[in-house]
There are 2 protein chains.
Amino acid sequence: MKFQQETGYEYVEGGVCAADGFCANGCHCGLDPRPDKNDLGIIYSEKLCNAAAVYTTNKVKGAPILVTKKNLDATDGKARAVIVNSKNANTCNADGEEKAWRMCVLTAQELKITPEEVIVASTGVIGQALPIEPIAEHIGRLAAGLAPENHGEAAAAIMTTDTVKKEVAVSFRLNGKICRLGGMAKGSGMIHPNMATTLNFVTTDAAISAKMLDRALHDIVKVTYNCLSIDGDTSTNDMVCILANGKAGNPEITAEDESYEVFKKALYLVLMHLTKMLAADGEGASKMLECTCTGAPDLDTAIAAAKSVIGSSLVKSAMFGADANCGRILCALGYSDTDLDMSKVDVELASEKGSVLVCRDGNGLAFSEEEAAAVLAEEEIEIRIQLNQGNVSAKAWGCDLTYDYVKINADYRS
Amino acid sequence: MKFQQETGYEYVEGGVCAADGFCANGCHCGLDPRPDKNDLGIIYSEKLCNAAAVYTTNKVKGAPILVTKKNLDATDGKARAVIVNSKNANTCNADGEEKAWRMCVLTAQELKITPEEVIVASTGVIGQALPIEPIAEHIGRLAAGLAPENHGEAAAAIMTTDTVKKEVAVSFRLNGKICRLGGMAKGSGMIHPNMATTLNFVTTDAAISAKMLDRALHDIVKVTYNCLSIDGDTSTNDMVCILANGKAGNPEITAEDESYEVFKKALYLVLMHLTKMLAADGEGASKMLECTCTGAPDLDTAIAAAKSVIGSSLVKSAMFGADANCGRILCALGYSDTDLDMSKVDVELASEKGSVLVCRDGNGLAFSEEEAAAVLAEEEIEIRIQLNQGNVSAKAWGCDLTYDYVKINADYRS
């Protein structure tokens, strides 16, 4: 996936360790039966960080979410490390919180920090007891191998049905100081975002207060990760967190000033890229879908409309079949939670091969099926919706619905 | 599918013509390229009927919905005929209402009634102009062939991706008079009910006022058809309508008395059976899923919880794979729009082969995978959820998600 070019921001290598002062590692501890599959990952910062997190809105919250939240509350938004495992979500288990806290304690002992400074996350099967022994046995070796160049090992450790590692980082300047912001993610752009855990870990060496970090994260998650697929429903273990260690040496951002906007744009570029990677690596996906909704009266309407289209299984199936079925797009707009005037809506389908207008003023148009099929044969498809009832726009991302999605999910536990 | 036995109600043949005084017909007029596929159907009552309808809540409403609504408003809830075509939804077309009205006029001319007494419906592709000529050319022959024994021809005319005709009828007694109530339906228990048009046409010879008919229909649709799949989202053309001609000779039902309850139960049995048929014939479905939610504090909570589980693509995929994945069920309850206390929830999976408790007090249980797989290998699966926080229960119905769903929907238009 191409990184979106923006003046003042440069793509850099290093993922979650691109920022100065961060190192990471990953290993196979034995939770996953595949002997070569990393299933335990760690991130560590030399300096205590300001930290912020956005959690799942599901009423069932994974035990690691509950423990992380308590820790960040106890430290007033400070953290120095992340410990994360895959294969077992440690959720809906009677001893879940105890095990999650134990992961923090084990990590803190190795790193000589306090357990409350550890962010803990788990992803995998729900409702099966988490074996703590494999983690306890490998945490020493994991911590001993911490290094900036091991960012990929950590990114590999959080993968479940993911087929590619998801990492990205940018460099930018704040008051003349070079800053870096990078992240790693896991999750698949499944039918709904409620369907599989998505974890995002972001680090930066920019100096920013915990309060402004929290504000920026919430604003950017709203227009990136929360626009992946449909409706804000989330899995039990979803979490996006960010650590800022201030090593870049810029004056700390403490208000919504120009530096804050520069920082927020960096966060947008990284989270948007990870979101698109999640969409493109959707379970069984053969195409990445981007829905751009323009001409909305407000942001919530633009987001709701774009997400409704991206979340429609019939739209997704049609895109898999390269079928320019504008009726399904209009239908999905029609059941979105908005007050749209459908008689003003235009719809265009686009890709690198060109674009086809399929609907004007809410009515289907005649178009060349051949041309449309050529546009939709590409791997990245844009559904452009002009609502013609305002000036606000938003995007949502998803993927097509394929045979392989069903195959992957028919027997995920084994 | 077995008809649910209830004392006082007997299954009878005849579908939408089981009630006295109704006849029907269907033919191939040429909208559908398959030469033997009926694509135009008609229902007619000897006597003017009280009529009621429930329409889609989609903001995009098919032209036939708009015209039917106007007609029933104009006649104050009276109708004598239904005209319906498949293959083209006559929706999102500039001339849609004109064409839908034209269908009423053509039908009325043949039947010597007024166009306002005709209920019109269309199902199929959205956004393509409806050719009216094939309908105009065949309406005479269609009307000439009206007969009670042709109920199956009408039921065949509304099928799209349906693999079986959906008809059912019951007889019951009101004040000693034998009454009949029967219906036909089309639609597939797709991923969401928003995904494909569902049409239900019900007729009865019971005498009931238009007002009470409307009330009964709304109450019963809420706990049957609106509990098919997920979330009340509906396609552009969904409609459930009922015609009551009073030929049974019972004293007209005009209040919520005992007779009303007997009538409502008959309507429940017919609409529930059709709903289960729709679920079982879901696009590509291999299993019918019934989720029973008991112990809810109120009906809305029970319905929302049951529908959230039935609508989850991950639950549906797991059922296809006979995988007793209780985590996905808990996750779906967790993102349902309810205030559930998840720590009280028990979950059991059941079929004709027995039952397996997979969750107690919100935590996953160890169970025999072999036993669970045997239970889930059946074609009708019940997901029993005991919320343990009240005394109200509700059911929702759906189907598993299979390879064939994707295949059917990847290129529906061609």
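Let us look at the structure shown here. As a convention, each chain's residues are numbered from 1 in the sequence order in which they are written. Labels are handed out in written order, letters beginning with A for the chains and numbers beginning with 1 for the ligands. Totals for whole chains, interfaces and linings use every residue, but because this is a predicted model, local features are given only for residues with pLDDT of at least 70 and side-chain atom pairs only at 80 or more, for both listing and counting. With hydrogens and water excluded, all non-hydrogen atoms of the structure serve as input to the side-chain values.

1. Concerning the sheet that holds strand 12 (residues 354-360) of chain B
Across the sheet, which stays open at both edges, the six strands sit in the order 13-12-11-14-10-15 (chain B) with mixed pairing between neighbours. The sheet is open, and its two edges are formed by strand 13 (363-364) and strand 15 (392-399) of chain B, each paired on a single side. Any two strands are treated as partners once DSSP identifies two or more bridges connecting them. Secondary structure follows DSSP: runs of H or I at least 4 residues long count as helices, runs of E at least 2 residues long count as strands, and numbering of each begins at the N terminus.

2. Examining the nonpolar core
Each nonpolar core is a collection of buried residues, namely Ala, Val, Leu, Ile, Met, Phe, Trp, Tyr and Cys, held together in the definition by side-chain atoms within 4.5 Å. Exposure classes here rest on a 1.4 Å probe applied to the protein chains alone. A residue is buried below 20% of its type maximum, exposed above 50%, and partly exposed in between. Counting residues in hydrophobic clusters, the biggest one holds 84 residues, and the most contacted among them are Leu181, Phe263, Leu267 and Ile385 of chain B. Looking at this core, the element that brings in the most residues is helix 6 (residues 258-280) of chain B, giving 13 residues. Any two residues having at least one pair of non-hydrogen atoms within 4.5 Å are treated as being in contact. In this structure isoleucine 385 of chain B touches Cys291, Thr292, Cys293, Thr294, Val309, Ile329, Leu333, Val345, Asp346 and Val347 of chain B, once residues within four positions along its chain are discounted. Counting residues in each nonpolar core, the second largest holds 83 residues, with Ala216, Val221, Val375 and Ala394 of chain A among its members.

3. Regarding the environment of valine 54 of chain B
All names here are of chain B. Counting through the fold element by element, valine 54 comes out in strand 3 (residues 40-55). Here valine 54 falls in the buried class, since its relative accessible area comes to 15%. Taking C-alpha positions, valine 54 is 19 Å from serine 86, a pair spaced 32 residues apart along the chain. Valine 54 has contacts with Leu217, His218, Val221, Asp238, Met239 and Val240, leaving out every residue within four places of it along the chain.

4. Structural notes on the pattern of salt bridges
A side-chain nitrogen of Lys or Arg and a carboxyl oxygen of Asp or Glu constitute a salt bridge if their distance falls within 4 Å. All chains considered together, the criterion is met by 34 salt bridges over all chains. Here aspartate 205 of chain A and arginine 180 of chain A are joined by a salt bridge, their closest N and O atoms 3.9 Å apart. Here aspartate 205 of chain A, found in the loop between strand 8 (199-204) and helix 5 (210-223), pairs with arginine 180 of chain A, found in strand 7 (residues 177-186); they are 25 residues apart in sequence, far enough to count as distant. For aspartate 205 of chain A, a relative accessible area of 0% gives the class buried. A relative accessible area of 28% means that arginine 180 of chain A is categorised as partly exposed. A salt bridge links lysine 247 of chain B to aspartate 20 of chain B; its shortest N-O distance comes to 4.0 Å.

5. Side note on the pairing of strand 6 (residues 166-174) of chain A
All names here are of chain A. The buried fraction of strand 6 is high, at eight of nine residues. Relative to strand 6, strand 1 (residues 10-11) runs antiparallel, the two being bridged by two bridges. Note that in strand 6 the partner of tyrosine 11 across the bridge is valine 170. Here strand 6 runs beside strand 7; their pairing, made up of nine bridges, is antiparallel. In the strand pairing of strand 7, phenylalanine 172 is matched with cysteine 179. Remark: two residues form the turn of the hairpin made by strand 6 and strand 7, two consecutive strands paired antiparallel; asparagine 175 in that turn has positive phi of roughly 50°.

These values are about where atoms sit, not about what they do.
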